[in-house]
Amino acid sequence: MQEKFCFLDKLCGLFKTYGAKALTMDDIAKEFSISKKTLYQQYKNKEDLLTEVLYYISNRAIEEVEIVKKQFECPIEVLLVSGMRIDDVTAYEKDAFIMQLIKYYPEVYHQHQKSISSKIMEIVKYNYEKGVERELFRIDIPIDLYIKFLTTLLFSVEISPLFEEVQDKKSISNGIKQFYLNAIVTEKGSKRLKELKKKYEELD
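About the cut-offs
Residues numbered from 1 in each chain as written. Predicted model: local features only at pLDDT ≥ 70, side-chain atom pairs only at ≥ 80, totals over all residues. Heavy atoms only, no water. Helix = DSSP H or I, 4+ residues; strand = E, 2+ residues; numbered from the N terminus. Expected span 1.5 Å × (residues − 1). Buried < 20%, exposed > 50% of the residue type's maximum accessible area, 1.4 Å probe, protein only. Arc of directions from axis to C-beta. Salt bridge = Lys/Arg side-chain N within 4 Å of Asp/Glu carboxyl O. Disulfide = S-S within 2.5 Å.

Novice: It is not clear to me how helix H8 (residues 143-156) should be interpreted in this structure. Could you clarify?
Specialist: Given 3.6 residues per helical turn, the α-helix brings residues three or four places apart onto the same face. Over its 14 residues, H8 runs 20 Å from end to end, which matches the ideal 20 Å to within 8%, given 1.5 Å per residue. Three or more residues of H8 are buried, namely Ile 143, Ile 147, Leu 150, Thr 151 and Phe 155. For H8, the angular spread of the buried residues around the axis is 125°, confining them to a single face.

Novice: How do you make sense of the pattern of salt bridges when you look at a structure like this?
Specialist: Two side chains of opposite charge can pair, provided their charged atoms sit close to one another. Tallied over the full model, the rule gives eleven salt bridges. Here Glu 77 ties to Arg 192 by a salt bridge, and the two come within 3.5 Å at their closest N and O atoms. Remark: Arg 192 occurs in helix H10 (residues 187-203) and Glu 77 occurs in helix H5 (residues 75-89); sequence separation between them is 115 residues. The class of Glu 77 is buried, set by a relative accessible area of 5%. A salt bridge links Arg 138 to Asp 140; the nearest nitrogen and oxygen atoms lie 3.0 Å apart.

Novice: What's the story with the state of the cysteines in this structure? I'm lost.
Specialist: Note on terminology: a disulfide is the covalent bond linking the sulfur atoms of two cysteines. Tallying each qualifying case throughout the model produces zero disulfides. Here Cys 12 is not disulfide-linked; the sulfur of Cys 6 is the nearest cysteine sulfur, at 12 Å. By relative accessible area, Cys 12 is classed as buried at 1%.

So, in structure tokens, the structure goes:
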């Protein structure tokens, strides 16, 4: 299993460097010193391989969230910190990789979006309920809709022409989470959010 993880981790790096289309099955076979036949015994086609790579990235992101949930009790801090951890993990999905996925493998990309979005929405909903218990989040809002707004924004920013000139994409991701939190916090939650923003700005 560890060998499989090492294979996928290195493969993620290759896709990030060369892109989903540009990196061929021949290139991958040569990189790992295996025959093309052996590679096709494991994966029936390029789409199958890309699907597993994206599944691997998604699982790593979810694992980071689970770690953060154990480290912090405050739902606001859990969302902020887990968001930063996910940004680090999904850095593999930036630039040429994501753009070529959308252009040449749209079905693979859309299935990945649907899969990870459902997991993210489940996690954020759980986080919201914890925040309500602690009187940090409002109850008079259509939270399911707000969570869909959050998820859609997080996915769409990478392909939006409005952010092409922005080099630090993590700052955009952080801004989206701040936008979401400001929309759902109570007065008590707003004070806590300001404290946490100051804390993590100082850490930067």
